[in-house]
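# Structural characterization, general
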Amino acid sequence: MRVALFATCVNDALYPSTAIATVKVLERLGVEVDFPAAQTCCGQPQYNTGYRRATEPLVLRTARAFEGYDHVVTPSGSCVAMVRDNYPRIGAKAVAEGRGRELAGAAASLVPHVYELTEFLVDVLGVTDVGACFPHTVTYHPSCHGLRMLGLGDRPRRLLEAVRGLELVELPGAEECCGFGGTFAVKNADVSEAMGEDKIRNAMSTGADVLCGADNSCLMHIGGMLRRQDAPQRALHLAEILASTEEEPLR
Amino acid sequence: MSGTYLGMPAFPRAARDAVRDTTLRGNLRHATHTIRDKRARAVAELDDWAALREAGKRIKDHTLRHLDRYLVRVEEAVTAAGGTVHWAADAEEANRIVADLVKATGESEVVKVKSMATQETGLNEALEAEGIRAYETDLAELIVQLGKDRPSHILVPAIHRNRGEIRDIFRSEMGEWGRPAPEGLTDTPAELAEAARLHLREKFLRAKVGISGANFMVAETGTLVVVESEGNGRMCLTLPETLISVVGIEKVIPTWRDLEVFLQLLPRSSTAERMNPYTSMWTGTTDGDGPRAFHLVLLDNGRTDTLADEVGRQALRCIRCSACLNVCPVYERAGGHAYGSVYPGPIGAILSPQLRGTGSEIDASLPYASSLCGACYEVCPVAIDIPEVLVHLREKVADQGGAGHRLERAAMRTATWLLDHPAALNAAERLASSTRKLHPKRLPGPGARQWTNSRDLPDLPAEPFRDWWKKNHA
């Protein structure tokens, strides 16, 4: 089984600890992981802001970088949603405009191989107990793309519930968007902040030590607000909790 | 569309005040959460909801594909039933037709049942200019009209008002328009409803002309359908001598069997009811019963242009249930007025820029008034992929350039270049990491300043992931 890590640009540049944690979890489960260095970004920021043509080189780059792997795994639901929902659209539009036959082919061939981390663990490897230990109270925020576009369902919860020492507490209004939304956070800063405030108020009301999510872009927004307000709670990616063990505990 | 909203600022600025108005945010939050929870329960009762939703989508798509044929069918059937059909290309033409029809009756007052099409065309203002007074009779529309306000929700136009505010509006304004509010009116719902009932009853009994919209038009018989909760609509439809219905051309459905699907989808999605209390249907005119004259004004006003857009046309499937508004986190904070249109919320964000074009500041900003969270798509009873259309419209706005987009385009191109050159990207990452101690907490520049206004940026790592990988694995 040839498995490629799709680290994503956000994790590569800002949250390498999440990508490292993903590697650790997968290797602990006996998976041989490769990191194709030609990968950069899936193109979601450009595409969602209305720059479809500027996305095309990145679609092609991403698709080519992962050619030949059985599975491509990423700790980001939103990047998987980008590939699954939008790569076929981008390919089809390019073809309709009389170019990009190669782009459409490459984009389509990537789609069935890409998995979000929890999907890969639960559906492909068939595990929920990954041997993790994290003795803290945790509340889980299901990011919109994972929740609605990928339909991750209870996969992240099942993984968290199997972590030794972890107490999972319900997040009120869990399914509501945190207000990040890529460039939305900048273009509609006031509304984005209002949504974020409600999210962290709900998160803090749980009394949990950690707000866990599976998308660092959302966590950057939520965590940035928690820190600005000197909240006792911190935002943490699911992969890092799953990587934490008794021998090598997380911080 | 209506002149009422001309000169609206872009959405982010319009939303700013709403976000800071804690009363408004409280009203909106309470109302949207109550109705969204009720809707979820009403929908969960049906085990064939997904099939119904798919059927609704298909019927609408089929009808839109053959719209010309079904509209001709409507015209033939309405005419055969004793009605008259008028075609209006835009708002101005629709308003002119209606004003002329009212004037021909010699009347200077009309009663109206909630009609989004006439809100869209700004009919009340157009009639006012011709010396004709239009009275809104839907309770929430009445509150909006008395308060010299604008609707802020499709189903609950006065959603932004609480009971105390409504009592104050009734007390101070009802007398100006007709029967005043009773002495000592309190804010209990029963008393408020009774005050409105008495006020409106006087108008129903006096009016000779009624103006309505319609939720559906059944092509095979030329029958128009209005679904409502209060019965005020039925009064409007049956008591006057002349009835004028102004309806968007996308409201047609082929047959009565199709109506069956929508009469299940609409009430559960909008009011969270199994069945709405009043469903009124009218077909042309009947001797000795109901209005003596019936006019149907078929309104285009940007709809055929919308139909021409392969991705955007799905917005015309909308049955105005407002489920998307009630689940939208952006609508909940920004309120309906910020959308600058009679169609607020997610559906407004895709419908208004298509009906009106993206020429104005507000219309160019609407496709960006969403975090693309997808909650609207999930609840839409006719499966309009609102996020898909939003992104599609963003592309149009970005292509047309203008305010801010030139700079943005350059930035996006630079980002793409960098991301298409891994070595350059790696160098940039290393530079950022090596200077990380120097980065200030709050940053200048358009994007960064907004970001660091309320959030800390993440600490940059000592090294990017690709460097860690090279050291440890490669």
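For every chain, the first residue of the written sequence is number 1, and numbering continues from 1 along that sequence. Going through the entries in the order they are written, you letter the chains from A and number the ligands from 1. Thresholds applied to this predicted model are a pLDDT of at least 70 for local features of residues and 80 or more for the giving and counting of side-chain atom pairs; totals over whole chains, interfaces and linings are not thresholded and use all residues. For side-chain calculations, the full set of non-hydrogen atoms in the structure is used, while hydrogens and water are omitted.

### Here's the deal with the UniProt feature "domain: Cysteine-rich" (unreviewed entry) in chain A
Residues and elements named next belong to chain A. UniProt positions are given in the numbering used here, feature names are shortened, and annotations may be inferred rather than shown by experiment. The sites that carry the UniProt feature "domain: Cysteine-rich" (unreviewed entry) are, in the present numbering, residues 3–83 and 138–222. We count a stretch as a helix when DSSP gives it H or I for four or more residues in a row; a strand needs E for two or more, and each element gets its number in order from the N terminus. Annotated as residues 3–83, this span is 56% helix and 11% strand, and its ends, taken at the C-alpha atoms, are 17 Å apart. Across residues 138–222, the secondary structure splits into 48% helix and 12% strand, with the terminal C-alpha atoms separated by 15 Å.

### So, the sheet that holds strand 8 (residues 252–253) of chain B
Residue and element names in this part refer to chain B. What the 4 strands build is an open sheet, ordered 8-5-6-9; its pairing is mixed. A strand with exactly one partner marks an edge of an open sheet, and here the two such strands are strand 8 and strand 9 (278–282). Being paired, for any two strands, means DSSP has found at least two bridges between them. Taken together, the 5 bridges between strand 6 (residues 223–228) and strand 9 define a ladder with antiparallel strand orientation. Looking at the pairing, leucine 224 lines up with tryptophan 282 of strand 9.

### Examining unusual backbone geometry
All names here are of chain B. For asparagine 301, which is not a glycine, the phi torsion comes out positive at approximately 50 degrees. Within the secondary structure layout, asparagine 301 lies in the loop between strand 10 (293–299) and helix 13 (303–307). Unlike most non-glycine residues, serine 322 shows phi in positive territory, near 75 degrees. Note on placement: serine 322 falls in the loop between helix 13 and helix 14 (323–327). For every residue, the accessible area (1.4 Å probe, protein chains only) is compared with the maximum for its type, and the residue is labelled buried under 20%, exposed over 50%, or partly exposed between those bounds. Judged by its relative accessible area of 2%, serine 322 is buried.

### Considering the packing of aromatic side chains
Two aromatic rings, drawn from Phe, Tyr or Trp (for Trp, its six-membered ring), form a pair once their centres lie within 6.5 Å of each other, and the interplanar angle then sorts them: stacked below 30 degrees, edge-to-face above 60, tilted otherwise. Across all of its chains, the model carries 11 aromatic pairs over all chains by this definition. For the pair B:Phe465 and B:Trp469, a centre-to-centre distance of 6.2 Å together with 45 degrees between the ring planes defines the contact as tilted. On the criterion of helical spacing, the pair formed by B:Phe465 and B:Trp469 is a turn pair, its members being 4 residues apart in helix 23 (residues 465–472). The pair B:Phe465 / B:Trp469 is uniform in exposure class, with both members buried. Members of the aromatic cluster, connected to one another through ring pairs, are A:Phe35, B:Phe465, B:Trp468 and B:Trp469. Definition used: whenever NZ (Lys) or CZ (Arg) falls within 6 Å of the ring centre and also within 35 degrees of the ring normal, the charge is taken to sit over that ring. Here the basic side chain of A:Arg2 rests over the ring of A:Tyr69, its NZ or CZ set 4.4 Å away from the ring centre. Looking at B:Arg133, its charged tip hangs above the ring of B:Trp177, at a distance of 4.2 Å from the centre.

### A look at the pairing of strand 6 of chain B
All names here are of chain B. A large share of strand 6 lies buried, amounting to 6 of its 6 residues. Taking every second residue as pointing to the same face, both faces of strand 6 are buried, with Thr223, Val225 and Val227 on one and Leu224, Val226 and Glu228 on the other. As judged from the 3 bridges shared by strand 5 (residues 216–218) and strand 6, these two strands associate in the antiparallel manner. Across the sheet, residue phenylalanine 216 finds its bridge partner in strand 6, namely valine 225. The antiparallel hairpin formed by strand 5 and strand 6 contains 4 residues in its connecting segment, where glycine 222 sits at a positive phi of about 70 degrees.

### Describing the sheet that holds strand 8 (residues 234–237) of chain A
Residue and element names in this part refer to chain A. A sheet is described by the order of its strands in space; here 4 strands give the open sequence 6-5-7-8, paired in parallel fashion. Strand pairing shows two members of the sheet lacking a second neighbour, strand 6 (167–169) and strand 8, which therefore form its edges. Each neighbouring strand pair of the sheet contributes to a mean axis angle of 35 degrees, computed without reference to strand direction. In the sheet, strand 5 (residues 137–140) pairs with strand 7 (residues 210–213) via 3 bridges, with the strands oriented parallel. Bridge pairing in strand 7 places valine 138 opposite valine 210. In this description, contact between two residues means that some pair of their heavy atoms is separated by no more than 4.5 Å. Axis definition: a line fitted to C-alpha atoms, limited for helices to the stretch in contact. Angles are taken between N-to-C directions and run from 0 to 180 degrees. Sitting on the sheet, helix 12 (residues 216–228) is in contact with strand 7 and strand 8, with an inclination near 165 degrees to strand 8.

### Here's the deal with helix 12 of chain A
Residue and element names in this part refer to chain A. Between the first and last C-alpha of helix 12 there are 17 Å, a value that for 13 residues agrees with the 18 Å anticipated at 1.5 Å per step. Within helix 12, the full set of buried residues consists of Asn216, Ser217, Cys218, Leu219, Met220, His221, Ile222, Gly223, Gly224, Met225, Leu226 and Arg228. Looking one or two residues beyond helix 12, the residue adopting positive phi is aspartate 230, at roughly 50 degrees. What a helix is expected to span follows from its residue count: subtract one and scale by 1.5 Å.

### Side note on the nonpolar core
Among buried residues, the Ala, Val, Leu, Ile, Met, Phe, Trp, Tyr and Cys ones that are joined through side-chain atoms within 4.5 Å form a nonpolar core. In terms of nonpolar packing, the biggest core is built from 121 residues, with A:Val191, B:Phe11, B:Leu296, B:Ile347 and B:Ile350 touching the most fellow members. In terms of residue count, the dominant contributor to this core is helix 5 (residues 77–96) of chain A (8 residues). Those residues in contact with A:Val191, other than ones at most four positions away along the chain, are A:Phe184, B:Phe11, B:Ala15, B:Val19, B:Val330, B:Arg333 and B:Ala334. One finds A:Ala7, A:Phe35, A:Leu160 and A:Cys212 within the second-largest nonpolar core, a separate group that totals 40 residues.

### A few points about the interface of chain B and chain A
Taken together, the contacts link 65 residues of chain B with 64 residues of chain A. Two parts lose some accessible area (1.4 Å probe) when they are put together, and adding that loss for both gives the buried area. Carbon and sulfur atoms make up 56% of the surface buried where chain B meets chain A, a total of about 5,600 Å² over both sides. Only one rule defines a salt bridge in this text: a Lys or Arg side-chain nitrogen within 4 Å of an Asp or Glu carboxyl oxygen. For the pair chain B and chain A, the number of links is 15 salt bridges. In this structure, B:Asp456 and A:Arg228 form a salt bridge, with 2.8 Å as the shortest nitrogen-oxygen distance. If you tally residues by element for the side of chain B that touches chain A, the top one is helix 20 (residues 405–419) of chain B, at 7 residues.

### Topic: the domain arrangement of chain A
Residue and element names in this part refer to chain A. For each domain, the first and last residues come from an automatic or database assignment. As far as domains go, chain A holds domain 1 (2–124) and domain 2 (137–243). Placing the centre of domain 1 and that of domain 2 at their C-alpha centroids yields a distance of 22 Å. Between domain 1 and domain 2, the residue contacts involve 28 residues of the former and 21 residues of the latter. Of the roughly 2,000 Å² buried at the junction of domain 1 and domain 2 (both faces included), carbon and sulfur atoms supply 63%. Contact with domain 2 buries area across many residues of domain 1, yet Tyr15, Thr118 and Val122 alone supply 22% of it, more than any other trio. At the junction of domain 1 with domain 2, the criterion picks out 1 salt bridge. When the shortest N-O distance is used, the salt bridge between aspartate 123 and arginine 155 registers 3.0 Å. For this analysis, a polar contact is any N or O atom pair within 3.5 Å, provided that within protein one partner can donate a hydrogen and the other can accept it, and provided that sequence-adjacent residues contribute only side-chain to side-chain pairs. For the interface between domain 1 and domain 2, the tally reads 12 residue pairs in polar contact (both at pLDDT 80 or more).

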